[in-house]
Amino acid sequence: MSTVGYGDIFCQTVLGKIFITFFIMLGLAMFASYLPEIFELIGTRPKYGGEYKSEKGKKHIVVCGHITYESVNSFLTDFLHEDREDVDCEIVFINRKLPDLDLQGLFKRHFTIVEFFQGSIMDPNDLERVKIKQADACLVLANKYSHDPDAEDAASIMRVISIKNFCEEIRVIIQLMQYHNKAYLLNIPSWDWKRGDDVICLAELKLGFIAQSCLAPGFSTMMANLFAMRSFKSSSTTLNMWQNDYLRGSGMEMYTETLSKAFNGLTFPQAAELCFTKLELLLIAIEVKGDDLHDNQIAINPKPVIKLASNTQGFFMAQSAEEVKRVFFYCKHCHEDVTDPSTIKKCKCKNCEYEASITVVTLRSKFAYFFNAFYPCFVVSTF
């Protein structure tokens, strides 16, 4: 009414022009009176509200539970360690409390792959905000310093029930304090270890390591070094040889990789010898098919009667994921005479095989991806 438009409709009388002039001034005054309320609404909008904007083809995981600077920093340090391959996965944290200044600074340092939302994992609306149905997994952190471990475990289990009621297919990895509380997870109908659901019990790990150390002295130290993410750099000028050897061993972690076609038909001892002498890798286990050909099992140092099939997953102790890639690129025809394992890269005759093999992802290889990133945060923190 107060706009001129294209000029085809306008006030023609003096009274009409006077009326529209005052009408415009009144409208502007009323609009100006509402501006403070509009700015107040915009200013009071929750900083960590909104919802996660998932991109097509982009993976993300949801982390909930005990979210503090210490727990988040420990998790990110291992998950984003330089020894791993490039982690093309976003991490979404959700917690009822607002993050403190230290935690906000930590999120800002990793703002490209980390997002935080204020909310409760018990609320279906908040689960929808973090796109739990599209997530690859949901990780539930526990407070290892809790004075009431059973109450802490009960809270964690309730979070799992809420998540599973909202989405049965989501894969959940939960941290518990007490071993006997693991039995309550079996009462959740949608809890399925075959889908990748897993529980990590701190008390069980501690007592198990202590017991094994009685049988094999140094076992707990070896396992703690194996699960801790460290980078080794030789320093022959300042350290003795035995110190370099120890640091080199403590810098190794567990990795998984698909064995190339050059390993097809070999027994485990033959494959382990080839990996050690030619590729300088320690092959300690492989993935084998179960009796029903559906359930995969991990065979540690299996008997020679087992022959390696195509696309067999191997479990290695190595310094980095880049080193383990050698076993995937190894070609008997192209790399037979190679003396330096670091020069083993993808050869021309591997192009077609590489493109086809990267699509082969088993349940166990997915487990290993989160096992390497999530499990060490708990194991190292227990000692």
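Residues numbered from 1 in each chain as written. Predicted model: local features only at pLDDT ≥ 70, side-chain atom pairs only at ≥ 80, totals over all residues. Heavy atoms only, no water.

Caption draft 1: Quick peek at the packing of helix α6 (residues 202–215) against helix α7 (residues 219–227). Between α6 and α7, the least distance of the axes is 7 Å, while the angle of their chain directions is 130°. Comparing the axis directions of α6 and α7 gives the class oblique. Facing α6, whose interface residues are Phe 209, Gln 212 and Ser 213, α7 presents Phe 219, Ser 220, Met 223 and Phe 227. Tallied by class, residues from the contact of α6 with α7 come to four nonpolar, three polar and no charged. (Axes fitted to C-alpha atoms, helices over the stretch in contact; angles between N-to-C directions. Helix = DSSP H or I, 4+ residues; strand = E, 2+ residues; numbered from the N terminus. Parallel < 35°, antiparallel > 145°, perpendicular 65-115°, else oblique. Contact = heavy atoms within 4.5 Å. Nonpolar A, V, L, I, M, F, W, Y, C, P; charged D, E, K, R; others polar.)

Caption draft 2: Just the packing of aromatic side chains, in detail. Tallying each qualifying case throughout the model produces nine aromatic pairs. Summarising the aromatic geometry, the rings of Phe 75 and Phe 79 are spaced 5.3 Å apart at their centres and angled 20° between planes, so their arrangement reads as stacked. Placement of both Phe 75 and Phe 79 in helix α2 (residues 69–79) is noted, with a separation of four residues, approximately one turn of the helix. A relative accessible area of 1% means that Phe 75 is categorised as buried. (Phe/Tyr/Trp six-rings, centres within 6.5 Å; stacked < 30°, edge-to-face > 60°. Buried < 20%, exposed > 50% of the residue type's maximum accessible area, 1.4 Å probe, protein only.)

Caption draft 3: Spatial organisation of the packing of α2 against helix α3 (residues 101–109). Axis separation between α2 and α3 bottoms out at 9 Å; the angle between their running directions is 20°. The angle between the axes of α2 and α3 places the two elements in the roughly parallel class. When you trace α2 past α3, the crossing you get is left-handed. Each of Tyr 69, Val 72, Asn 73 and Leu 76 in α2 lies in contact with α3, whose residues at this interface are Asp 102, Leu 103, Leu 106, Phe 107 and Arg 109. Classifying every residue of the contact of α2 with α3 by side-chain character gives six nonpolar, one polar and two charged. (Left-handed = near helix turned anticlockwise from the far one by under 90°.)

Caption draft 4: Highlighting the sheet that holds strand β9 (residues 296–300). Ordered by their spatial adjacency, four strands build an open sheet running β7-β10-β8-β9, and the pairing between neighbours is antiparallel. At either end of the open sheet lies a strand with only one pairing partner, and these are β7 (253–258) and β9. Across the sheet, the mean angle separating the axes of adjacent strands is 30° when strand polarity is ignored. Both β7 and strand β10 (residues 313–318) contribute to a ladder of six bridges, which runs antiparallel. Following the sheet pairing, Glu 253 is matched in β10 by Ala 318. Against the sheet, helix α9 (residues 268–278) touches β8 (282–289) and β10, its axis set at about 140° to β8. This element, helix α10 (residues 321–329), spans β7 and β10 of the sheet and lies at about 30° to β7. (Pairing = 2+ DSSP bridges.)

Caption draft 5: Spotlight on the nonpolar core. Judged by nonpolar contacts, the single largest core of 25 residues is most densely connected at Val 62, Ile 132, Val 160, Ile 163, Ile 170, Ile 174 and Leu 185. Secondary-structure elements contributing two or more residues to this core are β1 (59–65), β2 (89–95), β4 (137–141), α5 (149–166) and β5 (172–176). Discounting chain neighbours no more than four positions away, the residues touching Ile 163 are Cys 64, Ile 121, Leu 127, Ile 132, Cys 138, Val 140, Ile 170 and Val 172. Core analysis: the next-biggest nonpolar cluster, separate from the first, contains 24 residues, Leu 274, Leu 281, Phe 316 and Val 327 among them. (Core = buried A, V, L, I, M, F, W, Y, C linked by side-chain atoms within 4.5 Å.)

Function cannot be inferred from these measures alone, as they are strictly geometric.
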